[in-house]
Amino acid sequence: MKSLGVMMLALALVAGTATTGARAEEGKYSSQPQQPVDPRPVKQTPTPVDPSVATGDGAEKPEAPEAAAPDFSTALDFSILDTIAIQDNGRNKPLQTFITEKMELIVGRKLFKGVPVLTDKISKQNINGNDLFLSLWMKPKSMIRVPMILVSYGPLKQELGLTTTEKHFSFERLRNLPKLQEIGNGAHKKRLAKQDGELTSLEKEAEIVLKRMTVAWSIINGEENLKLIPHPNQQHGDWVSVSELQNSFGELKQSVYNQGKANQLFEKFNAFAIAYRERDPAKFSGATQELRSELASISPSFYPPLNELNREISYNKTRPFAWAWACYLIASVLGLFALKYANTTLYRVMMGFYFGGLALHVYGFALRCLIAGRPPVSNMYESVIWVGFGAVFFGLIFELIYRKRFFALSGAASGFVCLVLMDTIPILLGNTELPGFGSDIAPLQPVLRDNFWLTVHVLTITLSYAAFKLGWVLGHVTLFSHLFRPNQKAEHHELHQFIYRALQVGVLLLAIGTILGGVWAYYSWGRFWGWDPKENWALIALVTYLIFLHGRFAGWWGNFGLSFGSVFGFWTIVMAWYGVNFVLGSGMHAYGSGAGGGIYVAAVGIFDVLFLAAGTIAYMMSKKSSGGGNDKSDDSEDDSKLTVSDPIKDARANELDQPAPSAGE
Amino acid sequence: MFKKILRFLGSLQLAMILLIVMTAMVVWGTIVESKFTAEVAKKYIYANVFFDLWLFMLAVNLFCVAAVRYPWKPHQTGFVITHAGIIVLLVGAFIDRHYGIEGFIPLYRGDAPTDVMELHEQDVLVSKAGEGAPARTRTHLKELTGNGDMGFKINTPDPAIEATAVDLYPPAVKLVLTGAKMGRFEQWLFQGDNLNMGPATMKFVSGMPPAPKEKSKEELEAADKAPRLERYFTFANHETPISKTLQGQPTGAKAKLEIKNEKPLLHLDLFDKHIHLDVTQIANKKVPLEDLPDWTIYVFGYYPNFVMGEDGKPTNRNNNPDNPAIVFELQGPLVAKTDRPADSEEPHGPPSMGEPGANALTLYLGPDGKLRYLLKSRVKGESVGELGEGITVPAGWAGDAAFTIERFIPTEFTKALLADAAKEYEFRAKNPGQLYVSEMPLPNRLETRPMGMMVRVKAGGETKDVWVQLSTSQAPRKEFVQVGGHALSLSLPRRAVRLPFKIALEKFYAPHQPGMKESNMFMAFESTLSFQDKANPNKGQTMDPPKQLDFVRIKEGSIALEQLGKEHAMPGDPTLFRCAISQVEPEFLQLDFEDKHSAIIARSHIVEFTKNTHKIHMNHPTTYPQTPWGPFLGTSYKFSQADHQMPQNPDYSGVQVLRDPGWFFKWVGSLGICFGIFTMFYLKPYFRPKVKKVEDEEGKKGKKKKAKGNAEMSHA
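From a predicted model like this one, the values you see are computed outputs, not experimental measurements. (Residues numbered from 1 in each chain as written. Chains lettered and ligands numbered in written order. Predicted model: local features only at pLDDT ≥ 70, side-chain atom pairs only at ≥ 80, totals over all residues. Heavy atoms only, no water.)

Caption draft 1: Seen up close, the overall build of chain A. When helices and strands are tallied, chain A shows 23 helices and six strands. When burial is assessed residue by residue, chain A has 59% of its 665 residues classed as buried. Long-range pairs, those at least 24 residues apart, make up 73% of the contacts in chain A between residues at least 6 apart in sequence. Accessible area for chain A stands at about 25,300 Å²; split by element, carbon and sulfur atoms hold 62% of it. (Helix = DSSP H or I, 4+ residues; strand = E, 2+ residues; numbered from the N terminus. Buried < 20%, exposed > 50% of the residue type's maximum accessible area, 1.4 Å probe, protein only. Contact = heavy atoms within 4.5 Å. Areas by Shrake-Rupley, 256 points an atom, 1.4 Å probe, with all protein chains shown as cover.)

This is the structure we're talking about:
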């Protein structure tokens, strides 16, 4: 519903139906609502920018839809601005987070960059996200012709007649494209008719561009979104924007704010705006500091403490998960070499990167926990990050036990895949707001709040996913080994045992996690088991792995079957993890729902099917050539060389002879 | 022979077949659920007798697998525990299936305590007028998928009468309102609908419209007259109200709003009479004024935090009493009508609130299958007439508004409505530019249609279709029909059972997410419930007066009395307080008062207390009766927060009720499974006898051959 509203806004904006012009830039805030100085009436309809503003502060031609940005070369210090708090999306956060989210949405995200940066293609200068945001807000006339809105989808650019080699286009230019509005209209109608499934890529991309324009417009004109002023006496009270504060002193209105305090604030705010327009570094820093102190003093007991704000800013700026995946990538590559060359130094360097990645991963995760005030496993983004951590963690434990490099390699590869996907999907797809994949920290729904058992249940279940994921990567390594190193029986055997180890952890955790889910459900809101799709798929996954384990145990398909099962079984996990929410989209766990990514998941699935088939054929051929009729032959041949005991075989040796009292006793 | 059967039943092959087929059934179930509903999947798969049989076979298999290995060796501990755990868990599931109970209680604040719990099933009741008990047919509307399931027979009290369920969708009409002032407005109406939308209220019922009333002499005379009418806008934080005289001479009444204990009280001085009114008691109804015959008051609403909305109508910013205000009208005796139009606004007068229920359209589906209407217009009065597809009738509202029946579906409803919905999909997709002014497109509207069942009744050579709407067992909604000389009544109440205790909603609290009022995002939903033991209504109470809510008696002279405040004490007893005890600790109690005031009082200040209330919110259910063993055995009823109607109805809460006597087996079994798997995977080496490696190898090779023969024995 919210997205529809946004769409409508975007459409109204692009259609250019309203009458009022952009607010005057020179507008000052005052607490005298009767005076007609307020340039931003609260009930103003979003409107296109009046073309006459083009004569504002640039020397560009009035009809040119794109123009260079004003000079941003004087560097301003935004570190204090970052620490001003804002209430947005049900949470109080630093302005830095808000600006980063909005600007990344408009200009797109860049790898490893904690702060969005726009390179102006006309003036060739780099504009920092804070500058971009403040200039949109404080001097929009100069900004609406600056190419800054990302249009990443080639076919859409072609359709709209835009230069396909360029990435950013000005607000003014996009606003004057009736075709864009037309496509957006079509998409909107489909959504109204509940035909979301029939939206074309073109329509979806057009919606994203319109969303970007709406967000840009809301900063240019809709200052109501900037809820910077805290509620004076309630911790969970609603914050207001500067113009809302101004309007709260009208006739018939009882402002909860102190009029004198508000007047001081307006003064500070005007000083801040002037300092920014003048681009005087010293004045700006001073004005920002004063504004911040004034805001904080409105509600000294409930204003978010500086250390909390700084924690979140440091989380945003350092991008620990991006650096972690880079470490994992290096560790994985070194790991491949380490398999080939038994070099201790190489191994140590690899493990160094492994630990480094894990440290960054844990650091990021811990910060996220502290910021959100809860364990971050509430959406796909957070659960993938956690599963990545689990896989790396289990890989490390097993590596420390066995020291065979395979676990380190698989752990690093799992961590890399998880983190790189979550970090780059917004960049690759050009959209930072994919449902379910959003990295922004959002408040939880009531049903997910403050519950110990729920947290334990979710963490346990997702940890089992991590173990199975490790098994899945090991399965690939094994199949790869079967395909390209068919004679390395000892290696195969070792790998099979490792897979078994990983699956053991997974099966135990999945069983415990599923049962904990039942316990949570029973104590919190309902039945122990309700045949809900998420429960069902957890059960299906568990039974699938049990089938492979039991079959292996009975000697039906040997160790190779287990490797096969570790890859095949993981797809039941994918179904439980991703499919239930993103494909089936029904049931009680639907609050985790999202959309998208289906094509990519399917592509990996098809690859796995082919890979499994090729691996199986290679295995069969090698078995034939070695003349072994029994698929267990590879296990027994190299027993003498083994350094790893075979837990399955040991167990079987002890238990096979126990079928019944009659079996020889 | 016995051993052979036992070995077959305990074989791994059988286990595999059971597991693979079960997995396939569950996969199929999740697909069915995403295509239809969870209830359909449950009916055809999970609650199916074959599925039960399958689980039973699995239990047998698990038992036999363990049985054939008896006596067990130490290293088989994990294997035995795991398998036993699964069997115990399945036993628990079986007990729950047959002896467990699950239902739902809709609770409204202020209603008397209830012991009626609604189940998720319904009964179709058919009775002959004035003759005996109704014939009962059990059904579950959500389990029916539509046409494919329909046609089932319904029991009737007389073999001469036949009844079948023929459809799940009601008769429907697509109404289009057009007018210069309002543009085009589309609305689908279903039989049973009662919608209040913009210009008028719209209803669709069965039967014939009543004849329009002839106006009496008095009414004709009264038509030239109108009652004296004044509208007031009163604030708690401003002395002077804003008022406007709409009809007759101004009365000069003085009004003041006062907030006392968070309750809005209106003080009115009219013709030298001082009147005090509790606004919450009189809102939205015409209330006669004491000592002033001919005068009534109508309070349109109470706004704890008033702001003037964008449409010029008063709205509430939130429920914090920061700027309390009310709007009310005083109506007096008839006076000669003045020319002033009722809706004209004075520059600073209070806004027009509109008169509720003045314009109304009721559609009637007659026993002859024809559609008729009864139209009420503030301007034109009442009129009736016959309708059909394409017929347009001037409405007499909003200037020149007229309504047209664009579509009328009198039969084969599911088929026709789904076809129409598909057409609408297609049309909207193909004509994206077309502007729709519609409350809701048909596909969405179908989801909110009135629930019920179309029943075809045959008797004495006559056939009639009756739409029977879903209702509650407390107030079954009966449809009457005459077929072949029989007078029948049909109803479709939810099945309900009586609980051994009564339950009432004392408080409902739903704070919204900071800054998210507009998007209706709530932080929590919290109900305070009170219970009353039917067998022993005073059980657990040490004090006399209380029936609902909790009571606390504070020591005389204690400082806690000041802390709680005199205004919270019971009238006439300054040491007795009525509140909800939200927390009971050995050292202190937390008390919540109805005005949201809350306090923590040390036990040393408390003489005695009674606790009847239980607070529940998401993830925090309560049990009743509260016994120490209840949580472990599952013998108590469990109440969880399940439903709300925020922001429309802040006095409603839906509570889910569950009792699962199989719970003990479930958690014991679960514990067994987890512990067993852990033992198998990680503790086995400690249970294993130490055998020399060489022997082990030999033993294994020997067994390998055996394993080929009876590999089924080896699974553990």
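Picking up after the structure, the text goes on.
Caption draft 2: Representation of the packing of aromatic side chains. All names here are of chain A. Under the definition given, this model contains 57 aromatic pairs over all chains. Ring geometry for Phe389 and Phe393: centres 5.9 Å apart, planes at 25°, overall stacked. Of the two residues, Phe389 and Phe393 are both situated in helix α15 (residues 380-402); the distance of four residues between them amounts to about one turn of the helix. For Phe389, a relative accessible area of 17% gives the class buried. (Phe/Tyr/Trp six-rings, centres within 6.5 Å; stacked < 30°, edge-to-face > 60°.)

Caption draft 3: Layout of the sheet that holds strand β24 (residues 402-409) of chain B. Residues and elements named next belong to chain B. Ordered in space as β7-β6-β24-β23, the four strands form an open sheet in which the pairing is antiparallel. Edge positions in the sheet fall to β7 (183-190) and β23 (392-394), since each of these pairs with one other strand and no more. Each neighbouring strand pair of the sheet contributes to a mean axis angle of 25°, computed without reference to strand direction. Here β23 pairs with β24 via three bridges, running antiparallel. (Pairing = 2+ DSSP bridges. Axes fitted to C-alpha atoms, helices over the stretch in contact; angles between N-to-C directions.)

Caption draft 4: The arrangement of the confidence of the model for chain A in detail. Per-residue pLDDT for chain A has a mean of 79; in total, 78% of the residues score no lower than 70. A low-confidence stretch, residues 650-665 of chain A stays under pLDDT 50, and its non-local contacts, those more than four residues away or across chains, total 40 contacts. (pLDDT = per-residue confidence, 0-100.)

Caption draft 5: Up close: unusual backbone geometry. Backbone torsion omega between Tyr70 of chain B and Pro71 of chain B reads 0°, so that peptide bond is classified as cis. Inspection of the secondary structure assignment puts Pro71 of chain B in the loop between α4 (49-67) and α5 (77-99). Positive phi values are uncommon outside glycine, yet Arg319 of chain A reaches one of about 45°. Position of Arg319 of chain A among the secondary structure elements: in the loop between α12 (306-318) and α13 (320-340). Here Arg319 of chain A falls in the buried class, since its relative accessible area comes to 12%. Even without being glycine, Trp531 of chain A reaches a positive phi, approximately 55°. Taking the relative accessible area as the measure of exposure, Trp531 of chain A reaches 15% and is therefore buried.

Caption draft 6: Summary view of the packing of α15 of chain A against helix α17 (residues 452-484) of chain A. Residues and elements named next belong to chain A. At a minimum axis distance of 8 Å, the contact between α15 and α17 shows a crossing angle of 60°. Between α15 and α17, the crossing angle belongs to the class labelled oblique. Where α15 crosses over α17, the handedness of that crossing is right-handed. On α17, the residues touching Ser383, Trp386, Val387, Gly390, Ala391, Phe394, Gly395 and Phe398 of α15 are Leu459, Thr462, Leu463, Tyr465, Ala466, Ala467, Lys469 and Leu470. (Parallel < 35°, antiparallel > 145°, perpendicular 65-115°, else oblique. Left-handed = near helix turned anticlockwise from the far one by under 90°.)

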